[in-house]
Amino acid sequence: MTLRLHDTATRDVRDFVPLEAGKAGIYVCGLTVQSEPHVGHVRSAVNFDVLRRWLTASGYDVTFIRNVTDIDDKILAKGEAQGRPWFEIAYLMGRELDKALDAINVLPPTYEPAATGHVPEILELIGQLVSRGHAYPAEDGSGDVYFDVRSWPSYGELTRQRVEDMEPAEDADPRGKRDPRDFALWKGWKKALEPETAAWPSPYGPGRPGWHIECSAMAAKYLGPAFDIHGGGVDLRFPHHENELAQSRAAGQQFAAYWLHNAWITTAGEKMSKSLGNSLLIPEVLKRVRGIELRYYMVSAHYRSHVEFSFDALDDAAAAFRRIESFLERSDAAHMAAELPAAFVAAMDDDLGTPAAIAVIHEHVRDGNRLLAAGESADDIASLVVAMLDVLGLDPGDPKWGPSGGSDDERLSAAVDVLVAGMLEERASARAEKDWARADAIRDRIAAAGIAVEDTPDGPTWSLAEGDA
RNA sequence: GGUGGGUUGGCCGAGAGGCGAGGCAACGGACUGCAAAUCCGUAUACACGGGUUCAAAUCCCGUACCCACCUCCA
């Protein structure tokens, strides 16, 4: 069986055939670094991280590009409002994003190009479009350059819309456009409103890149005029991806062969982009569950399914993940490169069917627990479980999740271990004397400290209790 | 107005013509001094109305409700 992916352009699931055998080039639209990342922002990153890991696990040599939009109206406005340079905002928010993605084990992209670092490439692409008659400098001398939508007959092909049916944006600035639907490739510097640092010289006067053109230019630079997969959130289908496609094709490039779009995470049916307070910012959510549990929550839904975020559902997901984890703790994964179970491979090959893939993991966990209950070794099954989790970026044994050596966490844990071990010895002697009251009193004291005790054939063990640990 | 998607059990969440994905929660049993963990078992579903079919959660038609996008939101 081969990998099949849902392509927005053809609206069906079809076999993935790479342009070059054994290789896969992916371009994913990253974030505009204008605010702190929340749960919604990182879903896209997790989804495409899973795609990348699966392609890699399937033997592809993957080049994965995720851009950073580090200049736009909002970043400039924020800088203005805070009295700080816009690039300081972009840099700081970029670092916050890196931290958030690292906390949920999203691998760094092969390259992570930023818009401001590619002004020459962008201007070259704009120049091509102008000379081919698909773009024009604004006729009002504003310094803007627009893509001429009417000059490109297949405009709208990605989202199957006809230009005539599109509502002209109410907030669109009509100055100097031939058609209200024409979009900006280059934005002329507004001297009175924008800092000089936000303007680059160009044949059309000083200005800065428009949003859509940066992706076209950077995709071509790092992946070439034709590449395999272009990804992003559903909201980007139009206008962003439609515009990218039009620009790149109008410039004579083949562009992406497959278009993948992930669905939203919403709360109370609303998009998260609105101001919903801070509770959904990644650092806040990570006070409630661990990064690996948040990742499990995201991976347990299919990437094209809309997810209604709730803390209850998040807690459930965390509980489900702990079941897998506790099985692994009670067995010994050999950590050899075990061959993945066929059902897992089939699930992943079917348009990244992570829910079915996770069901396969749970079935293995149950089988493994059954063996353990019968006093047999479940190590082989544990190895398979680890191998499957690893593909999803969910291996608890991955050093990336663990506390770094010599950290406070580790020392604290060692200290607690000494104290709890002493108490458990006392309890053991109480139990030996069948003094249940004293035994339970000791266990209650330990529990009151937020520590759960579990009796096993090899003696009692302790771990931090769920919830308020 | 145009385009795309959705409605599955107490909850989350798969599936896409015939065997109840999986998890969380619940209940019963095993194990345990009692628990916890684990195992075994149980119940509760496919928005509504028609139609096609031997057979529909799945296909078709209609209805209701919900969501997204329509020019700088993942």
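Scroll up to find the structure this text is about.
Residues numbered from 1 in each chain as written. Chains lettered and ligands numbered in written order. Predicted model: local features only at pLDDT ≥ 70, side-chain atom pairs only at ≥ 80, totals over all residues. Heavy atoms only, no water.

What follows concerns the overall build of chain A. For chain A, the helix and strand inventory stands at 14 helices and 15 strands. Looking at chain A as a whole, 48% of its 469 residues qualify as buried. Considering only contacts in chain A between residues 6 or more positions apart, those separated by 24 or more positions represent 75%. As displayed, chain A has an accessible area near 22300 Å², and 52% of this comes from carbon and sulfur atoms. (Helix = DSSP H or I, 4+ residues; strand = E, 2+ residues; numbered from the N terminus. Buried < 20%, exposed > 50% of the residue type's maximum accessible area, 1.4 Å probe, protein only. Contact = heavy atoms within 4.5 Å. Areas by Shrake-Rupley, 256 points an atom, 1.4 Å probe, with all protein chains shown as cover.)

On to the nonpolar core. In this structure, L55, F344 and V385 are the most contacted members of the largest nonpolar core, which totals 102 residues. The element that contributes the greatest number of residues to this core is helix α1 (residues 39-57), accounting for 9 residues. Both domain 1 (4-267) and domain 2 (288-391) contribute no fewer than three residues apiece to this core. For V385, the contacting residues outside a window of four places in its chain are I324, F327, L328, I361, H364 and V365. Counting 14 residues, the second largest nonpolar core, distinct from the first, contains Y27, C215, F227 and A256. (Core = buried A, V, L, I, M, F, W, Y, C linked by side-chain atoms within 4.5 Å. Domains from an automatic or database assignment.)

Glancing now at unusual backbone geometry. Of note, the amide linkage connecting F238 to P239 takes the cis form, showing an omega dihedral of 5 degrees. Here P239 is to be found in helix α6 (residues 237-250). Phi is positive for D351, close to 55 degrees, though the residue is something other than glycine. With respect to the helices and strands, D351 occurs in the loop between α10 (342-349) and α11 (354-373).

Strands sit in the order β5-β6-β7-β8 across an open sheet of 4 strands; the sheet is antiparallel. On the outer flanks of this sheet lie β5 (135-137) and β8 (207-209), each paired with one strand and no other. Across this sheet, the average inter-strand angle for adjacent strands is 20 degrees, counted without regard to direction. Sheet analysis places strand β6 (residues 145-147) next to strand β7 (residues 183-188), joined by 3 bridges and oriented antiparallel. Counterpart to Y146 in the pairing with β7 is A184. Taken strand by strand, helix α4 (residues 119-131) contacts β5, β6, β7 and β8, and its axis lies near 125 degrees from that of β7. (Pairing = 2+ DSSP bridges. Axes fitted to C-alpha atoms, helices over the stretch in contact; angles between N-to-C directions.)

By the secondary structure assignment, S142 is in the loop between β5 and β6. Looking at S142, its side chain comes within polar contact range of the side chain of D140, at 2.9 Å. A distance of 3.3 Å separates a polar side-chain atom of S142 from the backbone nitrogen of D144. (Polar contact = N/O pair within 3.5 Å; in protein donor to acceptor, adjacent residues only side chain to side chain.)

On to helix α9 (residues 311-329), then. Three or four residues apart is the spacing at which side chains of an α-helix point the same way, because the helix has 3.6 residues per turn. If you check α9, its first and last C-alpha atoms are 26 Å apart, about what 19 residues at 1.5 Å a residue would give, namely 27 Å. Against α7 (282-285), α8 (291-299), α11 and α12 (379-391) lie the buried residues of α9. (Expected span 1.5 Å × (residues − 1).)

Turning next to the pattern of salt bridges. For the coordinates displayed, the defined rule picks out 30 salt bridges. In this structure, the salt-bridge partner of E325 is R290, at a minimum N-O distance of 2.7 Å. Note that E325 is positioned in helix α9 and R290 in the loop between α7 and α8, a separation of 35 residues in sequence. On the basis of relative accessibility, which here comes to 37%, the residue R290 falls in the partly exposed class. Taken together, the shared-partner salt bridges in this structure form one network comprising D73, K187, K190, E194 and R208. (Salt bridge = Lys/Arg side-chain N within 4 Å of Asp/Glu carboxyl O.)

Taken as a whole and assessed by the stated rule, the structure comprises 14 aromatic pairs. Residues Y155 and F183 carry aromatic rings whose centres are separated by 6.3 Å and whose planes lie at 25 degrees to one another, so their mutual orientation is stacked. Here F183 lies in strand β7 and Y155 lies in the loop between β6 and β7, a separation of 28 residues in the sequence. Each member of the aromatic cluster is reached from another via a ring pair, and the members are F16, Y60 and Y258. Across the ring face of W401, the terminal group of K400 is positioned such that the distance to the ring centre comes to 5.6 Å. (Phe/Tyr/Trp six-rings, centres within 6.5 Å; stacked < 30°, edge-to-face > 60°. Lys NZ or Arg CZ within 6 Å of the ring centre and 35° of its normal.)

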